Amino acid sequence: MTIFLRTNLQRWHETRLSFLQRQNAEFNSPVRVREDISGVMVNRGVLNISKEYKVTRKRAEALIQHEIGTHVVTYFNGRQQPLSIFSLGVPGYEELQEGLAVLAEYIVGGLNNDRLRIIAARVIAVQNMLLGNSFIDTFSMLVDQYNFLPETAFTIVMRVYRGGGLTKDALYLKGLMELITYLKDGNNVHLLMMGKIRKDYLPIIKDLLQKEILIPPAVTPRYLFPEFSPQWKDVKRKGSIFKLIQ
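Quantities reported herein were computed from a predicted structural model and do not represent experimental measurements.

What counts, and where the lines are drawn
Residues numbered from 1 in each chain as written. Predicted model: local features only at pLDDT ≥ 70, side-chain atom pairs only at ≥ 80, totals over all residues. Heavy atoms only, no water. Phe/Tyr/Trp six-rings, centres within 6.5 Å; stacked < 30°, edge-to-face > 60°. Helix = DSSP H or I, 4+ residues; strand = E, 2+ residues; numbered from the N terminus. Buried < 20%, exposed > 50% of the residue type's maximum accessible area, 1.4 Å probe, protein only. Lys NZ or Arg CZ within 6 Å of the ring centre and 35° of its normal. Expected span 1.5 Å × (residues − 1). Contact = heavy atoms within 4.5 Å. Axes fitted to C-alpha atoms, helices over the stretch in contact; angles between N-to-C directions. Parallel < 35°, antiparallel > 145°, perpendicular 65-115°, else oblique. Left-handed = near helix turned anticlockwise from the far one by under 90°. Nonpolar A, V, L, I, M, F, W, Y, C, P; charged D, E, K, R; others polar.

A. Quick look at the packing of aromatic side chains. Applying the stated criterion across every chain, the model contains five aromatic pairs. Ring geometry for Phe27 against Phe76: centres 5.0 Å apart, planes inclined by 70°, an arrangement best described as edge-to-face. Pair noted here: Phe27 is in the loop between helix 1 (5–21) and strand 2 (31–34) and Phe76 is in helix 2 (residues 57–79), with a separation of 49 residues, a long-range link. No difference in accessibility class separates Phe27 from Phe76, as the two residues are buried. Each member of the aromatic cluster is reached from another via a ring pair, and the members are Phe135, Phe154 and Tyr161. Stacked on the ring of Phe148, the Lys or Arg Arg117 has its end atom at 4.0 Å from the ring centre. Stacked on the ring of Tyr172, the Lys or Arg Arg122 has its end atom at 5.2 Å from the ring centre.

Structure, rendered in structure tokens:
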């Protein structure tokens, strides 16, 4: 069963929004329904939804935790800090952001094999683009060699080749793999919600927290609450993206 994002998902968003606002009354994430975008994207705390986008009910929860629970929450938490770079993003923050957002999908039960396969295909598409292959060549490769449906392959390739070429889509898988290793080593995931940061900034962040120059995260997404502790323990125990495959 599919649902229109601009109806049901907006209501889901409002429910998750109230959950975060109970932690901090200033938290907000406006929704804009637009005709000039494809899918869903967050920009400076605003959730932008394509007017025609559809999603399954199960996928909707994963999408909310990816976009709101990660991207909007880290933007808001970053804005509470005295340094604006925490909300704007330190250089190279995207890898951790997208890895955390995808892992959030897994924690709430929304990261299935098809989703992982698409994330992996984006890496292949980026590599193909960097090698100088055309849009048509990369599209044909995904359809002929990897048996993607034409509409799925088109969406993957379109994301990578838009605007003259974007390599960000290769970071989702890399970020997820590195984050799993980070968790396996016993590190704290809550500190990653401080803002749009990188893992190698954490020693400095911890020092600034102790000196009370920075403050702890103002809000915590639902997927980091105790009800999801078994899922986090499961990720640490498995310690590999291949063991996440259902």
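Don't stop here, the text continues.
B. View of helix 7 (residues 150–161). Between the first and last C-alpha of helix 7 there are 16 Å, a value that for twelve residues agrees with the 16 Å anticipated at 1.5 Å per step. For helix 7, the full list of buried residues reads Ala153, Ile156, Val157, Arg159, Val160 and Tyr161. Packed against the buried residues of helix 7 are helix 5 (113–130), helix 6 (135–144) and helix 8 (171–184). Phi turns positive one or two residues past the end of helix 7, at Gly163, with a value near 60°.

C. The packing of helix 6 against helix 7, seen in detail. Between helix 6 and helix 7, the least distance of the axes is 9 Å, while the angle of their chain directions is 140°. By the angle between their directions, the pair helix 6 and helix 7 is classed as oblique. When you trace helix 6 past helix 7, the crossing you get is right-handed. Residue-level inspection shows Phe135, Thr138, Phe139, Leu142 and Val143 of helix 6 in contact with helix 7, the latter providing Pro150, Ala153, Phe154, Ile156, Val157, Met158 and Tyr161. Here the contact of helix 6 with helix 7 is built from residues that sort into eleven nonpolar, one polar and no charged.

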